[in-house]
Amino acid sequence: MAFNVADYKTSVHNNWCPGCGDFGILNAIQMSLMDMQLDPERVTVFSGVGCSSKTPHYINTYGVHTLHGRVLPFATGGKLANPEMTVLAVGGDGDGLGIGAGHFVATGRLNLDITYIMFNNGVYGLTKGQASPTLHLGQQTKSLPNPNIIHEINPLILALSSGYTFIARGYAYDVAQLKALIRQGIEHPGLSFIDILQPCPTYNNINTRDWFGGADRKGEDGKAMPRVYKLDPNLYDPLISAETTDEEIHQKIAAFFAKATEWGDQIPSGVLLQNLTQSTYEERVIESLPKYKKNPPAKRQIESDNKPVLKINTILDELRVA
Ligand code: SF4
């Protein structure tokens, strides 16, 4: 059976504000799942709390809307319980880099085979537009009484230093590129992070669609000069493989830092890093627990005729990693 994009949509009423960048991201996720022909019953989307964390309600797969900042531990548990499941974690920059920052780092250390999609708009939209961890120092969006006096986090650099092995940046209004990035992130054998610039037209009146599109600055031809540009694959190679030499790795990391810190007039998008040299957490678990691969928790029979046939302690004892 072939799946079409309608198979990934639900009839749940969507209450995002008109013009919100979240819509483009939602479309891109649904289109990438369709492109990959992933059975909706083999996909789970986890979220934390925030506007973007409503996403699982709008995607016709399994969905788990969890607690503020806790999307990654839940997604980790879901993937380890059923390694055959495609697991997406979604949420905002406030959710993932504020209260969830510890989990962001801890999950990076695992290199689990899941994809974390961050809707990055610089504000806490659901709670009326307070400054989030990615709002730049000195910026004053319309719901702030004074300019922001706290330094911003660079999510791309935090992802690299935490151990994420696929790091990309997309833009909510470039759905074609975003669809391809999400697919690449899902296909990457390890932990993927996709930072998506997502205008919030209701509360962030600085990093708007017009600003990203360069409407405030015109070239000699009178046309807008967009700030967001795509990395040129002929000039930028993000891949680190077993064949990459140490010297090349140093050069690639330096190039990554140069692109990850580029902001203002020029904002790069695309895959910034893909490292294929690291084992995944699942592979390391299987090394310690050979039975886990054949018989992960999701495949265990836990009841028969409405009666429990397996004690949770038995499963936990079997999964204890020395
Ligand atoms: Fe989107 Fe901002 Fe509205 Fe939230 S508050 S739905 S992020 S436009």
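This structure is a prediction, so every number in the text was calculated from the model and none was measured. (Residues numbered from 1 in each chain as written. Predicted model: local features only at pLDDT ≥ 70, side-chain atom pairs only at ≥ 80, totals over all residues. Heavy atoms only, no water.)

Quick look at the domain arrangement of the chain now. Assigned domains within the chain: domain 1 (5-282) and domain 2 (289-319). On a C-alpha basis, the centres of domain 1 and domain 2 stand 35 Å from each other. Taken together, the two surfaces of domain 1 and domain 2 that pack against each other cover about 420 Å², and 54% of this comes from carbon and sulfur. In this structure, the connection of domain 1 to domain 2 is made through one salt bridge. The partner of Lys-299 in a salt bridge is Glu-84, with the nearest N and O atoms 2.8 Å apart. Our enumeration of links across domain 1 and domain 2 arrives at three residue pairs in polar contact (both at pLDDT 80 or more). Broken down by class, the residue content of the side of domain 1 that touches domain 2 amounts to three nonpolar, one polar and two charged. (Domains from an automatic or database assignment. Buried area = accessible area lost by both parts, 1.4 Å probe. Salt bridge = Lys/Arg side-chain N within 4 Å of Asp/Glu carboxyl O. Polar contact = N/O pair within 3.5 Å; in protein donor to acceptor, adjacent residues only side chain to side chain. Nonpolar A, V, L, I, M, F, W, Y, C, P; charged D, E, K, R; others polar.)

Looking now at helix H7 (residues 175-187). The end-to-end C-alpha separation of H7 is 18 Å, in line with the 18 Å expected for 13 residues at 1.5 Å each. For H7, the set of buried residues is Gln-177, Leu-178, Leu-181, Ile-182, Gly-185 and Ile-186. For H7, the angular spread of the buried residues around the axis is 170°, confining them to a single face. (Helix = DSSP H or I, 4+ residues; strand = E, 2+ residues; numbered from the N terminus. Expected span 1.5 Å × (residues − 1). Buried < 20%, exposed > 50% of the residue type's maximum accessible area, 1.4 Å probe, protein only. Arc of directions from axis to C-beta.)

In the region of the ligand, the neighbouring residues are Trp-16, Cys-17, Cys-20, Cys-51, Asn-121, Gly-125, Gln-198, Cys-200, Pro-201, Thr-202 and Tyr-203. Looking at the shell around the ligand residue by residue, the class counts come to seven nonpolar, four polar and no charged. (Near = heavy atom within 4 Å.)

On to helix H6 (residues 155-162), then. Summarising burial for H6: six of the eight residues are buried, a large majority. Within the sequence span of H6, burial applies to Pro-155, Leu-156, Ile-157, Ala-159, Leu-160 and Ser-162. Two or three places before Leu-156, at the opening of H6, Asn-154 has a side-chain oxygen 3.0 Å from that residue's backbone nitrogen. Just downstream of H6, Gly-163 is the residue with a positive phi angle, here 115°.

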